[in-house]
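# Observations on the three-dimensional arrangement
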Amino acid sequence: MSQYKVSQSDTTHGKDGEHHLVKGQQSSMRLWHREEPNADKPEHTHEYETLGYVIEGKVDLIVNGETVSLQPGDSYHVPANTPHTFRVTETLTAVEVTTPGTDK
């Protein structure tokens, strides 16, 4: 049976505070909901590409050493296997799509 809807009660939460919303055959979507300001997280890479959209708050995304300041209405892209980190500067809500899909 195909699943075309995932109810809020069926979503899962990751170890970093992300909410895993839905996973398709080639991508997945997650929500960062009311993430509090933080210091820089350790720089890291992922085997997946990330596309995101800031709903509220502010965050500095550091990709390949370049700092990009994001605010509501801004979208962002982190290519697969690219060093990056982020600094939440104002309580953040953002939605992301990862390709290929991930449970991270």
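Below is a summary of the structure that appears in this document. The structure presented is a predicted model; accordingly, all values stated were derived computationally and were not measured. (Residues numbered from 1 in each chain as written. Predicted model: local features only at pLDDT ≥ 70, side-chain atom pairs only at ≥ 80, totals over all residues. Heavy atoms only, no water.)

### Points about the side chain of His19
Mapped onto the fold, His19 is located in strand β2 (residues 19-23). What makes His19 buried here is its relative accessible area of 18%. For His19, the side chain forms a polar contact with the side chain of His13, separated by 3.0 Å. When sequence neighbours within four positions are dropped, the list of residues in contact with His19 reads Thr12, His13, Met29, Arg30, Leu31 and His33. (Helix = DSSP H or I, 4+ residues; strand = E, 2+ residues; numbered from the N terminus. Buried < 20%, exposed > 50% of the residue type's maximum accessible area, 1.4 Å probe, protein only. Polar contact = N/O pair within 3.5 Å; in protein donor to acceptor, adjacent residues only side chain to side chain. Contact = heavy atoms within 4.5 Å.)

### Considering the pairing of strand β3 (residues 28-35)
Examined bridge by bridge, β2 and β3 share four bridges and lie antiparallel to one another. Note that in β3 the partner of Val22 across the bridge is Met29. In textbook terms, the turn of a hairpin is the stretch between consecutive antiparallel strands, and for β2 and β3 this stretch comprises four residues. Summarising the sheet, β3 and strand β7 (residues 84-99) pair through six bridges and their orientation is antiparallel. Bridge pairing in β7 links Glu35 to Leu92. (Pairing = 2+ DSSP bridges.)

### Structural notes on the nonpolar core
Core analysis: the largest hydrophobic core is formed by ten residues, namely Val54, Val59, Leu61, Val63, Leu70, Tyr76, Val78, Val88, Leu92 and Ala94. Among the elements of the structure, β4 (49-63), β6 (75-78) and β7 are those that each provide at least two residues to this core. The element contributing the most residues to this core is β4, with four residues. Not counting chain neighbours up to four residues away, the residues in contact with Val54 comprise Val59, Leu70, Gln71, Pro72, Gly73, Asp74, Tyr76, Leu92, Thr93 and Ala94. (Core = buried A, V, L, I, M, F, W, Y, C linked by side-chain atoms within 4.5 Å.)

### Some remarks on the pattern of salt bridges
In total, this model carries four salt bridges according to the counting rule given. One salt bridge connects Glu56 with Arg34, and the closest N-O pair in it is separated by 2.9 Å. Of this pair, Glu56 sits in strand β4 while Arg34 sits in strand β3, and the two are 22 residues apart along the sequence. In this structure Glu56 comes out as partly exposed when scored by relative accessible area, which is 33%. (Salt bridge = Lys/Arg side-chain N within 4 Å of Asp/Glu carboxyl O.)

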